[in-house]
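Architecture and fold: a report
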Amino acid sequence: MRHTDERWQRRSLVLLTLFALAVAALAVRAVQLHVLDGGFLTAQGDARHLRTVEVPAHRGMILDRHGESLAASTPVDSFWANPSELLAGERIAALADALEIDRTRLDALLRERGDRTFIWLRRHMSPDEAERVTQLDVPGVHRVREYRRYYPAGEVASHLLGFTNIDDAGQEGIELAFDEWLRGEPGRKQVLRDRLGRTVADVQGIRQPRPGRDLTLSIDRRVQYLAYRELKAAVTEHGARGGSIVVLDSRTGEVLAMANQPAFNPNNRQGLVAERYRNRAATDVLEPGSSFKPFVIAAALQSGRFDTRSRIDTSPGLLQVRGGTIRDVRDNGVIDIATLLTRSSNVGASRIALDLDPEQVWTMLQAFGFGQPTASGFPGEQAGLLNHFVQWREIGLATLSYGYGISVTPLQLAQAYAVIAADGVRHPVTLIRSDEPLAAGERVLSTTVARDMRRLLEVSLGPDSTATGARVRGYRVAGKTGTARKSTAGGYALDRHTAAFAGMAPASNPRLVTVVVIDEPSRGAYYGGQVAAPVFGRVMSGALRLLDIPPDELPTVPASVIAAGPQR
Ligand code: 59J
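Residues numbered from 1 in each chain as written. Predicted model: local features only at pLDDT ≥ 70, side-chain atom pairs only at ≥ 80, totals over all residues. Heavy atoms only, no water.

Description of helix α18 (residues 447-459)
Counted at 1.5 Å a residue, the expected span for α18 with its 13 residues is 18 Å, and the 18 Å between its end C-alpha atoms agrees. If you check which residues of α18 are buried, you get Val449, Ala450, Met453, Arg454, Leu456, Leu457 and Glu458. (Helix = DSSP H or I, 4+ residues; strand = E, 2+ residues; numbered from the N terminus. Expected span 1.5 Å × (residues − 1). Buried < 20%, exposed > 50% of the residue type's maximum accessible area, 1.4 Å probe, protein only.)

Some remarks on the packing of helix α14 (residues 346-354) against helix α16 (residues 394-401)
At their nearest, the axes of α14 and α16 sit 8 Å apart, and the two run at 125° to each other. When the axis of α14 is compared with that of α16, the two are oblique. As α14 packs across α16, the resulting crossing turns out to be right-handed. For the pair α14 and α16, contact is made by Ala349, Ser350, Ala353 and Leu354 and by Glu394, Leu397, Ala398 and Ser401, respectively. (Axes fitted to C-alpha atoms, helices over the stretch in contact; angles between N-to-C directions. Parallel < 35°, antiparallel > 145°, perpendicular 65-115°, else oblique. Left-handed = near helix turned anticlockwise from the far one by under 90°. Contact = heavy atoms within 4.5 Å.)

Structural notes on the site of the ligand
Neighbouring the ligand are 18 residues; Ser290, Ser344, Tyr402, Thr483 and Arg485 lie closest to it. Here Tyr404 contributes a side-chain N or O atom positioned 2.8 Å from an oxygen atom of the ligand. If the ligand stood free it would expose 740 Å²; the protein chains cover 82% of that surface. If you list the elements that add at least two residues to the shell around the ligand, you get β17 (478-488) and β18 (491-505). (Near = heavy atom within 4 Å. Polar contact = N/O pair within 3.5 Å; in protein donor to acceptor, adjacent residues only side chain to side chain. Areas by Shrake-Rupley, 256 points an atom, 1.4 Å probe, with all protein chains shown as cover.)

Comments concerning the nonpolar core
Core analysis: the biggest nonpolar cluster contains 118 residues, and Phe295, Phe368, Phe370 and Ile518 have the highest contact counts within it. Among the elements that make up this core, the one with the highest residue count is helix α17 (residues 410-421) (nine residues). There are two domains that each give this core at least three residues, and those are domain 1 (63-72 + 145-207) and domain 3 (221-563). In this structure, Phe79, Ile101, Leu106 and Leu121 belong to the second largest nonpolar core, which totals 19 residues. (Core = buried A, V, L, I, M, F, W, Y, C linked by side-chain atoms within 4.5 Å. Domains from an automatic or database assignment.)

What about the packing of aromatic side chains?
One pass over the structure, following the stated rule, counts 16 aromatic pairs. Ring centres of Phe295 and Tyr417 lie 5.2 Å apart, and the angle between their planes is 80°; this geometry places the pair in the edge-to-face category. Taken as a pair, Phe295 in helix α12 (residues 293-303) and Tyr417 in helix α17 lie far apart in primary sequence, 122 residues in all. Note on Tyr404 and Tyr492: the rings are 5.7 Å apart at their centroids and 90° apart in plane angle, and the pair reads as edge-to-face. (Phe/Tyr/Trp six-rings, centres within 6.5 Å; stacked < 30°, edge-to-face > 60°.)

What follows is the structure, encoded as structure tokens:
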């Protein structure tokens, strides 16, 4: 019994001693870690922290139909900081210098945002400028790769392309409409940072950025430039408020050019007002006035009640209808339809319209595309206004026949003229190059009526026309002028006009449709024939040659040459 007790005591003593030794060992180790190795371990813990950062994706380019660049993203460098890291450091003055920002501004920036862990110091520096900042190696300053959009065509395609914001996201125009396509998807990567926030190593890419896709427009950069240049010259010459021009390929519905005034430089938008950003050709409406007459006349031909030889009595240059009086500038007497178009008789157009079934006219105007936005997909595009025929009274139908009480965008007007150009078929308007054979399109007019209409629009530009500026040497041209008083709060203004010209060439087999609108010419001349037709003529002349479209008019041989007989 006693023997057992002794053994037990001895065993307990051994255990106790071992336990005490273990405690002592732990205490020693604790002291060792805390006191001796403390600094080293703290440094290690802080030095290695992983952060996930976003890697911006490269935005796709916008190209013209021949692959010329219209918008491209170039790499730039941006700098950010964690203010608490930077405040602790010195060399703020040198940093401000290298960043090319004001010292006091940098101080304020850092103090204001003192509680945040991320602020931008400076964005979008060129690689050279950025290198100077990086060389300073100021702790807490971080460099990231970003992209900046550049528009090689500058003002020339400004409204059409729109622009991106500083994060390269689409804000206006094509950049906005096709943002999803262009934008790509940012990647993510994990980086290892040291205690001062410097990236020690890219640990791993979690997800590669997916670059955006390129977008090929229907636009031809050369035609676009021509359209821009001639429109700008005319708006300047006539002291106009603004203007628009649209050039369509009438066989496909592709927009070859679209320009407006005033314009803006998309590469430097500082201090610009949003007013200048509007692509008026799609976002602004006008009362078309006489440039609208062809559509009601086309409805008349299609109805079978009129043909190209029909004669209309416009005497005495006045027409009383229920609700008002229609006026011509003079008494044109009994005239055929071509003359009606040349002299732009409002009475003649009204007489024809009043003889038609309103529902049939309305259906046809809808088929031409009025009252609905086109298929262009352009942001902010207007539908225009085409009242329902049950709302038309006699006066409503009469004024509609010469282009009032309806509103259209220049793009819609071009689309409708393209129906006449394309033998009666409406092709949806598009801003994207179409590589595939075209969808059939929608038939609006019979081929015969479309050709008759073309002939009338060609003849109306004959010797008596006020629109001689619309003529193009070597090509037959068909088209129509319009001069419209602008509607204001108190009725129609006496001194504010929209001057327009719309037409096509070559008239025998049209390829191009061009619409020119000049808003409020103010230097005396304001008729569509004087102000808009010459722009049409110059743009068509250049575009037909640029596109190698064969002439359809035989050069006239001077009588003197014929009289001289065969040359040897
Ligand atoms: C006109 C109108 C206003 C709206 C008349 C333009 C109407 C009308 C009420 C007088 C200027 C002007 C609904 S005429 O485009 O007839 O291009 O060379 O603005 O008639 O009833 O001092 N065009 N224009 N009319 N309104 N309301 C002719 C015509 C046209 C010309 C000239 C002069 C108008 C021959 C326009 C041209 O074809």
